[in-house]
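A closer look at the structure
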Amino acid sequence: MIKIGIPRALLYYQYYPMWKTFFEELGAEVVVSPPTTQAMVASGSSRVVADTCLPVKAFCGHVLSLIEKCDYIFIPVIRSVKRKIYNCSKFLGLPDMTKAVIPESPPILDTEIDINRGKRELYQAIYQLGRRFTWNPFKVRQASIAAWQAHLNYHQLMSKHGLTPPQAIERISGTPEAEPKTNPINPTSIKATIAIIGHPYLLYDEHINHRLIYRLEQAHNKVLTPEMLTTEESESATTKLVSKAYWTYEGEVVGAGAHYLADRADGVIGVMAFGCGPDSLMMDTVHRRAVRLSTTPFMSLTLEEHTAEAGIVTRLEAFLDMIYRRKRKQIEVCV
Ligand code: SF4
């Protein structure tokens, strides 16, 4: 059986159930790299120039960890999934960069997805990928339909049932994800509702973000994330703030930020990677919105390879203290 390696990094959190279903329907076995570790980040970093963003460094570490564990590595070029809205340039060059910096990598399956080229090109790209496993176009079509359905189910689990991507993947596959578990919070003991915004590869990679969600939940806060919004909620909030999105995953930052600043959260934390061009612009838009509204406190956390855990913890504690004080004051004013 052909083994397809999928790095547990970057777009894994957006598309893993869809990719897994597609390959398994075509008779392949899917192998996922283990959760990120310091050794993986260090090995990935050693292959790329210093100012590469942390998620890409981690991605290279994941590819290195899959060597000799699979026959192919799946690294698609996701150029655009919505008309005239494009992805960060790092995603566009990901397979080429990987080939250049990790020459010992297993052969790369580098399908290109660009919705702007029309449906015909999209179907052709999917068919070309499927042809590596079968010559039967109907089988490829069936696999694509099953994969799309898996993707819809995955997103529904998150937006309707309030699950994070690792929780939804765990629910679908039945295998535990890396996220450390906190006991379910008793609704009466919730101290505050905190929304965290940013790309899934920053919010759910607990090595990269120093277990941010776990820390918030341990401190008895309810955590909201961008995936808990429906596409409509996130798109409408993005449109209200910037009229038209430019970046593919703008909803995770601008849309979620605008939505949670206006509704449902006592505080919003923006998580971004050091040296990330798109995020520096998007997070600044959310920050300015927070200042203009002056209703919900906002804090941004910038992550890089050398970010100290103690620094994150201190900032988090200070931010939470401020929110709890604010909430107490509001209660005093009301009574
Ligand atoms: S959006 Fe930013 S963090 Fe993500 S891959 Fe591009 S540069 Fe890196």
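Scroll up a little and you will see the structure.
The notes below deal with the structure included here. Worth saying up front: this structure is predicted, and the values here are computed from it rather than measured.

Definitions and cut-offs
Residues numbered from 1 in each chain as written. Predicted model: local features only at pLDDT ≥ 70, side-chain atom pairs only at ≥ 80, totals over all residues. Heavy atoms only, no water. Helix = DSSP H or I, 4+ residues; strand = E, 2+ residues; numbered from the N terminus. Rg over C-alpha atoms; globule rule 2.2 N^0.38 Å. Buried < 20%, exposed > 50% of the residue type's maximum accessible area, 1.4 Å probe, protein only. Contact = heavy atoms within 4.5 Å. Areas by Shrake-Rupley, 256 points an atom, 1.4 Å probe, with all protein chains shown as cover. Lys, Arg positive; Asp, Glu negative; His and termini not counted. Charge placed at Lys NZ, Arg CZ, Asp CG, Glu CD. Near = heavy atom within 4 Å. Nonpolar A, V, L, I, M, F, W, Y, C, P; charged D, E, K, R; others polar. Pairing = 2+ DSSP bridges. Axes fitted to C-alpha atoms, helices over the stretch in contact; angles between N-to-C directions. Phe/Tyr/Trp six-rings, centres within 6.5 Å; stacked < 30°, edge-to-face > 60°. Arc of directions from axis to C-beta.

Another point: the overall build of the protein. In terms of helices and strands, the protein carries 14 helices and 10 strands. Relative to the compact-globule value of 20 Å for 335 residues, the protein shows a C-alpha radius of gyration of 20 Å, a close match. Taken across its 335 residues, the protein has 50% of its residues classed as buried. Here the contacts in the protein between residues at least 6 apart in sequence split such that 74% fall between residues at least 24 apart. Summed over its atoms, the accessible surface of the protein is roughly 16,200 Å², and 54% of this surface lies on carbon and sulfur atoms. Taken as two groups, the 38 positive and 34 negative side-chain charges of the protein have centres that lie 5 Å from each other.

This part covers the site of the ligand. If you check the shell around the ligand, you find Cys53, Pro55, Cys88, Lys90, Phe91, Tyr201, Ala273 and Cys276 and nothing else. Among the residues forming the shell around the ligand, the class breakdown is 7 nonpolar, no polar and 1 charged.

Attention now moves to the sheet that holds strand E1 (residues 3-6). Pairing in this open sheet of 4 strands is parallel, and the strands run E2-E1-E3-E5 from one edge to the other. In the strand order of this sheet, the two ends are held by strand E2 (29-32) and strand E5 (108-109), each with one partner. For strand E3 (residues 72-74) and E5, the ladder comprises 2 bridges, and the chain directions are parallel. Each bridged residue has a counterpart across the sheet, and for Ile73 the counterpart in E5 is Ile108. Relative to E2, helix H1 (residues 12-25) is tilted by about 155°, and along the sheet it contacts E1, E2, E3 and E5.

On to the packing of aromatic side chains. Under the defined criterion, the tally for this structure stands at 9 aromatic pairs. Centroid distance Tyr13 to Tyr204: 6.2 Å. Interplanar angle 45°. Geometry classified as tilted. Separated by 191 residues along the polypeptide, Tyr13 in helix H1 and Tyr204 in the loop between helix H9 (200-203) and helix H10 (212-218) bring together distant segments of the chain. Ring centres 5.6 Å apart and planes at 70° place the aromatic pair Phe22 and Phe23 in the edge-to-face group. Each residue in the set Tyr15, Trp19, Phe22, Phe23, Phe74 and Phe133 is aromatic and connected to the rest through ring pairs, giving one cluster.

Taken as a whole, helix H8 (residues 165-173) has its buried residues at Pro165, Pro166, Ala168 and Ile169. The buried residues of H8 all sit within an arc of 160° when viewed along its axis, so they share a single face. Among the structural elements, H1 and helix H7 (137-161) are those in contact with the buried residues of H8. Immediately downstream of H8, the backbone of Gly174 shows phi near 80°, a positive value.

Unlike most non-glycine residues, Arg211 shows phi in positive territory, near 60°. With respect to the element layout, Arg211 can be found in the loop between H9 and H10. If you check the backbone angles, Ser294 has positive phi at about 50° while not being a glycine. Checked against the element boundaries, Ser294 lands in the loop between helix H13 (277-293) and strand E10 (298-303).

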